[in-house]
Amino acid sequence: MCPLVLPYLVDFVTGKTARETEISSIICFVESKRRKKPGILAGGPEKVLFVSKLYYPLWAVPVENQCVIVDGLGFSTFNIDYLAIPDNIPFMEFLKSESRDLQLFYMFLKAYSGAFESFLAEASVPLGGIIGDKDLLTTLTNYLLQKSEIEEAKRETLPFVISKRHAEEVTKKFLGYAQLIEKDIEFLEQTANALKKKIEDLEQQTNEELMSAKQQFDVEFQSLKEEVEGKIKALLAERDQKISYLKEKLKREEEKFLEMRNKLERERLDLENEKKRCEKRLKKCEEEGSIEQLKRWELTALELKSEISKKKGLIKLISKIQGELTTQINDLIKKLEKEYEEKVENEKRRILTFESSFKEKIGSKQKEIDNILSLADTILHQIEWLIDQKKIHISKSREITVPFEVDKTTLICLPFYVACFQVNEKSRYYIRSPLVMSATKGTLQKLQKVIMGGRLEVRMEELFKPRSAALERFLQNVDEKIKADKNFEKIVFQLGNKANILKIRGFKKILSKGLDELEAKQILKPEEKKEILEFYTMVRV
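Residues numbered from 1 in each chain as written. Predicted model: local features only at pLDDT ≥ 70, side-chain atom pairs only at ≥ 80, totals over all residues. Heavy atoms only, no water.

Quick look at the packing of aromatic side chains
Under the definition given, this model contains 19 aromatic pairs. Here the aromatic rings of Phe-29 and Phe-464 are separated by 6.3 Å at their centres, their planes lie at 70 degrees, and the arrangement is edge-to-face. Here Phe-29, found in helix H1 (residues 19-33), pairs with Phe-464, found in strand S12 (residues 464-466); they are 435 residues apart in sequence, far enough to count as distant. Look at Phe-29 and you get buried, because its relative accessible area is 1%. Chaining the aromatic ring pairs together yields one cluster made of Phe-91, Phe-108, Tyr-112 and Phe-116. One cation-aromatic arrangement involves Arg-34 over Phe-535; the distance from NZ or CZ to the ring centre is 3.9 Å. Geometry around Tyr-143 places Arg-467 over its ring, the cationic atom sitting 3.8 Å from the centre. (Phe/Tyr/Trp six-rings, centres within 6.5 Å; stacked < 30°, edge-to-face > 60°. Helix = DSSP H or I, 4+ residues; strand = E, 2+ residues; numbered from the N terminus. Buried < 20%, exposed > 50% of the residue type's maximum accessible area, 1.4 Å probe, protein only. Lys NZ or Arg CZ within 6 Å of the ring centre and 35° of its normal.)

Next up, the structure:
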C-alpha cells in the first residue's frame, strides 16, 4: 500500500488550497519569525538557509476495522494498565458442583468474603511508540479522512526510529493485553453469573423445603390440634365429674347435718319447754312453801339446764363440723379446678410448643439462607466492582484505536515546515505545524481593521490557524529533539537542504502569485510584499 500523504494547508471553506497559497503563507510566517535587526550579542540580521517541507512518519497498523497509530520517531508512549484478578478457579469449581449443603456453602462464601475486594497486583505496561493522546488522535482521525491534494514526487521523511515491524510488534503486544483484559472481564462475569445461578438454585431448593415443611406442619398441626381439643374436652369432663361428685357428697353431708341439727334443735326446744314447766312448778312450790317439792324441782331444773346446754353444744359442734367439711370440699373443688386448668394449659402448650418449634426451625433455615444471600451479595458487588474497573481500563485502551481502515500496516506522512535561520555560524530552527485557512467574510473584515497597525505575524495568524493545538504540541518534539540531539539536527539540516523550496524550479513565479493573493486579501501591505519577494528570490550563494 502506498504511503498516505496528508495535506499541509486546507481551506476551511473549499477544502482545497493552491500550492502557491501554501508556499507564500509559509514564507510569510518564516519572514515574521526572522530576526531582521542585530541583537546585543549577535551580529547582523538572520539569513534563511532553507525553508523545507518535511514529513513526520507515522504508522497506521490495522486492528479489525480500525487502526492504531504508532509514532515513527518513538516520542510517544502509551501506558496500558493491567490489573491481575484474584484466583477464582476453586471458587468457580465449587459453584459448578452439585453440593446443596447450605452450611458448607456458607462456610465457603465466608472463606471468599474478602477474596474479591481488590486486585492481586497492578502493573502499568509502557508501549513505546503507540499514540494515546485523545486530542491528537481526534485530529489525526479527521486528518486521515482527507486525501492529499499534492502528491509530492519526492518526499523527505524524517528517519524511522520505530520500523514497520516494530510498530506491528508493539501493536500486537497492545492487542495481547487488551485481549487479556477482555478475558479477565469474561471470566469475572462467568463467576458472577455462576454465583447468581447457585444462589437461585439454593433459594429454589430452600423455598421447596420450606413449602414441604409447611405442608407437613399443617397436617401434623391439624392432627395435634384435634388430639389436644379431644384431650381438653376429656379433662374438662373428668374435672366436672369429680367436682359434681364432691358437690353431691357435700350436699348429702349437709342434709345429714341439717337433720341432726333439726333433731337436736327439737330436743332442745322440748327441754326448754320442760324447763319452763319446771320453773312454773318451782315458783308454785315457793309460794306454797313446800320445801321437799321445791328441792326436787330445783334439781330437775338444773338437770334440764344441763341437757339444754349439751344440746346447744352439740348443735354448735355439728355446725362447726359442717363448715369445716364445706370448706374442705370447696378447697378440693378449687384444687381440682386448678389442677385441671394446668392440665388444659399443658395441652394447649403442646400446640404452642409445636408452632414455636416449627417457627424456630423455619426461622433458622431462613436465617441461614439470609446469611448466605448477604455474603453472596457482598461478593457479587466486589466482583462487579472488579469488572467495572476492568471495563474502564479496556475502554481506555479502545480509545487509542481510530476509525480509519487500512488493509495492512501503512506509512502516514505528516507534513510540517522547517526553516533554518543563521547568523554568525549559529543556526536556529522554526517548526510550523499543518494549517487551515479561514478566509471567511468575518475574518477578512477583522483583517481590514488590523492591516495598518498589526504585525505581519498577527495578520497571518488571523487567517491561517494551526490544525490543532495537540498537533502543534506533538511536532514540538521535533524542535526539542533538534536542540537536544546534534546528530538529529544534522539529519534535519541535510533533509532541509534537500527539500528546500527556495530552490525549486519556478519558485519566484509561485511565490509572486501567492503573495498577490495575500495582498488581495489584505494580509500583506504592498511594501511587505516587495521586500519578501526581493529577499527570498535573490541569488543565494
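Considering the side chain of Thr-141
Turning to its location among the elements, Thr-141 is positioned in helix H4 (residues 134-144). Owing to a relative accessible area of 12%, Thr-141 belongs among the buried residues under this scheme. In this structure Thr-141 touches Val-402 and Pro-403, once residues within four positions along its chain are discounted. (Contact = heavy atoms within 4.5 Å.)

Focus: the pattern of salt bridges
This model, assessed by the stated rule, comprises 35 salt bridges. With a closest N to O distance of 2.9 Å, Asp-184 and Lys-390 form a salt bridge. On the criterion of sequence distance, the pair formed by Asp-184 in helix H5 (residues 164-288) and Lys-390 in helix H6 (residues 291-398) is long-range, its members being 206 residues apart. Between Lys-529 and Asp-516 there is a salt bridge whose closest N-O contact spans 2.2 Å. Here Lys-529, found in helix H12 (residues 526-537), pairs with Asp-516, found in helix H11 (residues 507-520); they are 13 residues apart in sequence, far enough to count as distant. Relative accessible area serves as the criterion here: at 18%, Lys-529 is assigned to the buried category. (Salt bridge = Lys/Arg side-chain N within 4 Å of Asp/Glu carboxyl O.)

Remarks on the sheet that holds strand S11 (residues 435-437)
Pairing is mixed in the open sheet, where three strands are placed in the order S2-S11-S12. Strands at the two margins of the open sheet, each flanked by one partner only, are strand S2 (9-11) and S12. Adjacent strand axes in the sheet meet at a mean angle of 30 degrees, parallel and antiparallel pairs treated alike. (Pairing = 2+ DSSP bridges. Axes fitted to C-alpha atoms, helices over the stretch in contact; angles between N-to-C directions.)

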